[in-house]
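Take a look at the letters that make up each chain.
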Amino acid sequence: MKGVGSLPADREGMINKPIVTCAGDWNLFCTLEAPLVAAIPQDSCEWRRSYGRATKSVYLEASFIKYNKEKLQSELNLLKRPILQVYWTDCVDIEYYKTTLREEIETWLKQLEKANVTDWMIVQVETYDIRKANKLLPRTTVLDKIKGDFAVKQNEDRFISVINPIKSEARSAESWRALVAKMRHFILVAYNKALIKFEEYMREQREKRNDSDWDFCKYFILQEQLAFVLEMLGLYDEALVQYDELDALFSQFVLNSNIAESPKWLDTFRQPVSSWQAVRLTTLVPQHLRELIIKKRASLLDFRSYLFQRQSAMLLLTFKPWEIASRCLATVHNSIVELSLLGAPAVDGASACWAHLACAETLRACERLAATNNALEMCTAAQAPLLHHAKDKLHELGKLCGLLPGSPEPTSEQLHLVVMLSAGMGDSEPNSQPPTPTDRLKEALCSAPSFQQYYLELAELAMGTYKHIGRLRFARLIGRELASFYSELGETSKAVVFLMDALRSYEEQGWKELAAQTRLELVSAAKKMKDMDRYAKLSATIACTQELEILVRNFYFEEMMRTIREDLANKTDTVLAELNECFKVKSVSLLPPERGLYITENKVQCRVVIESFLPKDIKCTKAAISIELFKDDKVAEKKPPVKHKTDLSVNCSVGIQTGSPKRNVDKIEDAINSLVCSLRLDDLKPNNPLLNPLHITSQLHYKEDKSLQKVTVECHNPKMPLRRSDSSKYRKPSATIRNNYQNCFSSEDILLKPGSNDLILDFTATEKGAFKLGQISITVEGKLEFLSNALIGGKVGFEVVTQGVNVYLNKVEPKKDLVAGLEHAMELVVTCGSTRIEEDSKISLKTTSGLLIRLSDEFSIMSREVSVRVACEPFDTATIPLTLFASLQPRRERSVEHVVWITCPWLESAMEVPLHFSPPMIASWRLLTSNTRKFVHVTLKSTVAHYVQFALTDAGLQCDGNNTVSDLNPKKSDHMMVASDGTTASFMWELLKDPLVKAGPMKSIFSVQYQATGGEEPARPFVCPFDIQDYTTLFVIRTRLEPCKGSDFCRASQMCCLQLNVQRVNETEHTSLMYEVLADQTMWAVLGRTAGVITTESASADPQCVALDVMPLVAGYLPLPTVRLSKYIAANAKDSSSHPRLEPFSPGQIYHAGKAKQVHVLPPMPKEHLEPTAN
């Protein structure tokens, strides 16, 4: 039989086949047996089962025997009874059928009917003859006669005709396939009927299990027939169910026997255990064990071995070795418990031998199958417990036989026990590849070295497998057992390795009591190894372990002190230990500095709150916290001199200033700003990733009709919460590497009491920079140093600055602007910071041209350079009063810029300080014209931001050459005022010149004396130069409005005549002029042209007249339209691309005589006063 869907070649372990009897012509069947036996298992067949069971596709094989009416079995034996009866004949002669064959078939069918056999079929084999193929077919064949005589409606398909494939293979293919298919079908139908009846009988027998004469062994053999048949049909899963039911039934009887009356048949399994052979995990049926069960001579271990072997056989056939491994451990545990409950006598160690061999054989089978079926990972998870149990049972046997390390020589009883155990294990299978588990166990029990080697091999393999599947707790448990084993062997160093691994795991997972017991084992090992360094550290840790009794803690505290004084006294270096095992850092904080900043050569203090777990007071020789440089303060590039663009406050640090590019500076500043001044214990605890919330959402799934089908919960990233735990997770970083304590907070000779201790540590900063706190060190008795890296990951730190000399050039009145032409009180402020300025130190100040400076005393003289002597103690401030005066230059500027260079002995280069001055006032002028007369109008205005008032005297205007002016200002104007609140002052002069002579450019200088009111400063001159060009009047324009003919007045909406006269009054080369009438369109409407070109001859003195028609639009006093006169430059006749252009005159060259005139326009005349027009 093959499994469901398996290949025909996978037939290992098959011993039972369906039996088919052959009646009729036996010699005929013998010629067809070989191809028939080969053809049946080639294809699968559907087995439609009753009671609504699922249809299975199975492969069949068959075993054919000769029909014997004496051997027709009853229906209760599924394995030995024939399942199908077949009658074979090759008769084609009707006469022979009537005389002989009919009677034989009738006799055969009556015998089957008598034995209640209903599964049969009749096969007629025909031989194809080509010579007879062309002849007429007979009207009735032998098969038709047989059907007519024996067929009924229910069995018509049991009569089959087939062409002999031996004689004619090509012609027989179709009929042969039909025969094979029919035979598969009838075999399954027969089995279906037989199993229905068999299951009913089996159910009846199981219901009688509480009867006194009921026997489990008989029932076991009965139900196993069903398992055999299912195995035969390839239904290994269902066959396994049968064995599982028998297993559960037996276990229930054994458990009930402990609390109720035991059935008689259970005494069979109470007989002495004489054999504990290894379980043979093959697909073959162990007939010797089955015979013992049938004969009721099987012990409990024999029965359990047989049952587990059959269960494993089903799992082997379905290629599930991992399932075998998972079942093995449960079987072993249950068997040992049942052996104890039944009280079956056995040799000491027999159950341990059987359990060890069962685990070893299972491991061997899993390794063989997993390597070929890609199931290694699935098997590994189940192999680790098997290896662990096999190791434990081997240790139990070693203890019984005196093979453990440290045991005395085996006694005669122990040697006799070894012989008995070896005999009970039996011999290995002859075909097995050595060494088998039985051989290994026998060899291990023969000598202590072989036992130790085998034990260590199993232990290390189990520990490695546990680590591989992530079950580290079991791995550490085996490690502790190995540590005990190595300690007995005298290899204490190896034991310490396993104990340390276990201790790390216990501490990581919070198993404090186990960690305490492990430390006691470690301290004992350290003392045995005479490792005083480790002994002292472990003694200190044990003294701080609160899970232990106080007497134990006090004992190891004294041991620690004794070891430090006696054994570590001659050591030059301290012994390094973990601080958090004996102390706990609760908080660390930096005390605030006195001046708000941590400055070099000053003391920085740190408060540390430490909790001591030691049971007694202890003297701390030195407590320290290392200091690490957080930022390198040296930068390659130097900053250029800082330019301050504000004139309100001039401030510049004159210490050594170097810097990097801006983005690097920003990063460094951000890093420094991230430093904190205090840290609590809770901040030092790492986040537990297992406490992070899972990203889980609910999803609603709907059917096609929009009704709810199901609701699921989905995790978006299952790899994060379900990832494998690595062994490195439990390896915490060691703090036994001592940092550099050249720069550190420290304090000496401190008494630490049990509980909380408040320590103040000091550090004197000698260098500037950013620093952070590093490793914490507590030294006890000068030899044992406890270290902690708890602060290294944090950012507890501080920045030490060197406050160099800072120079400030400030205004005494910062809210007022600097005004040129006025003296201003300034002060030079020098702050020493942490540096001392020696006596006779000089600060030099140098100004730009036009800026004078002096010391604010009565004897100082204004100059461009001044030197100041400064002497100052650290953190003091020196203030030197100064007076600045910016000369007012004869320029029309709205601001005056100056620079002060400050040179200090501690600076490599001069510091540049820009200053911004505002002029006290600004002057503006205008040229006014009256025909040919010219007037100059000057206006003064103050633009100072703050309020200031000036008194003005001695205003004058000077012109160059022979030009003179006439002063038109009031004679008594000595106290004219100009203020920054908007008060202005105006002056006017007339230019005295010949109006008929053309004048050239003229340079003028306006001057006035000013003095700030309310001050003691003297009056100072304010000078403003300006140039006057093209100021001679060349043309005079006159306009006159005349009413139209027949009217005496100008009326609105009536056309009038605008007379335009242009009179040249001085010589000029511009004779071609263009006039443009610019009228206000709301008042005037110009009719006709609004512009034109006129020519004035140089010899002609007559004005040019132009008459224009205009119409006033409104009544009233209207200003005359404005006329604009421009220079007209004609196009160049030789250049076709040139165009005529216009150029304006200067404001003083054209005088509009009628610019201020107004004309009275009357309203329009009423309609009734209009004269009628003639027809």
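All values derive from a computational prediction rather than experimental measurement.

*Asks:* When you look at the state of the cysteines in this model, what are you seeing that I'm missing?
*Replies:* Chemically, a disulfide is nothing more than a covalent bond linking the sulfur atoms of two cysteines. Within this structure, the stated rule accounts for one disulfide. Two residues share a disulfide in this structure: Cys832 and Cys872, whose sulfurs sit 2.5 Å from each other. Here Cys832, found in the loop between strand 24 (823-831) and strand 25 (837-847), pairs with Cys872, found in strand 27 (residues 865-872); they are 40 residues apart in sequence, far enough to count as distant. Exposure remark for Cys832: the relative accessible area of 0% places this residue in the buried category. For Cys872, a relative accessible area of 6% puts it in the buried group. Of all cysteine sulfurs, the one in Cys353 lies closest to Cys401, which takes part in no disulfide; the gap is 7.4 Å. Taking relative accessible area as the criterion, Cys401 reaches 1% and is therefore assigned buried.

*Asks:* It is not clear to me how the packing of helix 17 (residues 512-529) against helix 18 (residues 532-543) should be interpreted in this structure. Could you clarify?
*Replies:* For any two helices packed against each other, the geometry comes down to the angle between their axes and how far apart the axes lie. With their axes 9 Å apart at the nearest point, helix 17 and helix 18 run at an angle of 155 degrees to one another. With respect to their mutual orientation, helix 17 and helix 18 come out roughly antiparallel. Relative to helix 18, the crossing made by helix 17 is left-handed. For the pair helix 17 and helix 18, the contacting residues are Arg519, Leu520, Leu522, Val523, Ala526 and Lys527 in the first and Arg534, Tyr535, Leu538, Ser539, Thr541 and Ile542 in the second. Split into classes, the residues belonging to the contact of helix 17 with helix 18 amount to seven nonpolar, two polar and three charged.

*Asks:* Hey, could you run me through the nonpolar core in this one?
*Replies:* Most often, soluble globular proteins have nonpolar side chains that are buried together. Within the largest apolar cluster, 205 residues are counted, with the highest numbers of intra-cluster contacts made by Trp88, Met183, Phe745, Leu773 and Phe798. Not counting chain neighbours up to four residues away, the residues in contact with Trp88 comprise Cys22, Ala23, Gly24, Asp25, Leu28, Phe29, Leu32, Leu36, Val123, Val125, Leu179 and Met183. Counting 31 residues, the second largest nonpolar core, distinct from the first, contains Val830, Leu845, Cys872 and Leu884.

*Asks:* Looking at this structure, how should I read the pattern of salt bridges?
*Replies:* Counted by the stated rule, this structure contains 42 salt bridges. Among the salt bridges present, the one from Lys391 reaches Asp392, with a minimum N-O distance of 2.7 Å. The class of Asp392 is partly exposed, set by a relative accessible area of 32%. A salt bridge links Glu1143 to Arg1141; its shortest N-O distance comes to 3.7 Å. For Arg1141, a relative accessible area of 46% puts it in the partly exposed group. Sharing partners across several salt bridges, the network here consists of Glu823, Arg854, Glu1017 and Arg1020.

The rules behind these values
Residues numbered from 1 in each chain as written. Predicted model: local features only at pLDDT ≥ 70, side-chain atom pairs only at ≥ 80, totals over all residues. Heavy atoms only, no water. Disulfide = S-S within 2.5 Å. Helix = DSSP H or I, 4+ residues; strand = E, 2+ residues; numbered from the N terminus. Buried < 20%, exposed > 50% of the residue type's maximum accessible area, 1.4 Å probe, protein only. Axes fitted to C-alpha atoms, helices over the stretch in contact; angles between N-to-C directions. Parallel < 35°, antiparallel > 145°, perpendicular 65-115°, else oblique. Left-handed = near helix turned anticlockwise from the far one by under 90°. Contact = heavy atoms within 4.5 Å. Nonpolar A, V, L, I, M, F, W, Y, C, P; charged D, E, K, R; others polar. Core = buried A, V, L, I, M, F, W, Y, C linked by side-chain atoms within 4.5 Å. Salt bridge = Lys/Arg side-chain N within 4 Å of Asp/Glu carboxyl O.

Taken by themselves, the reported measurements are silent on function.
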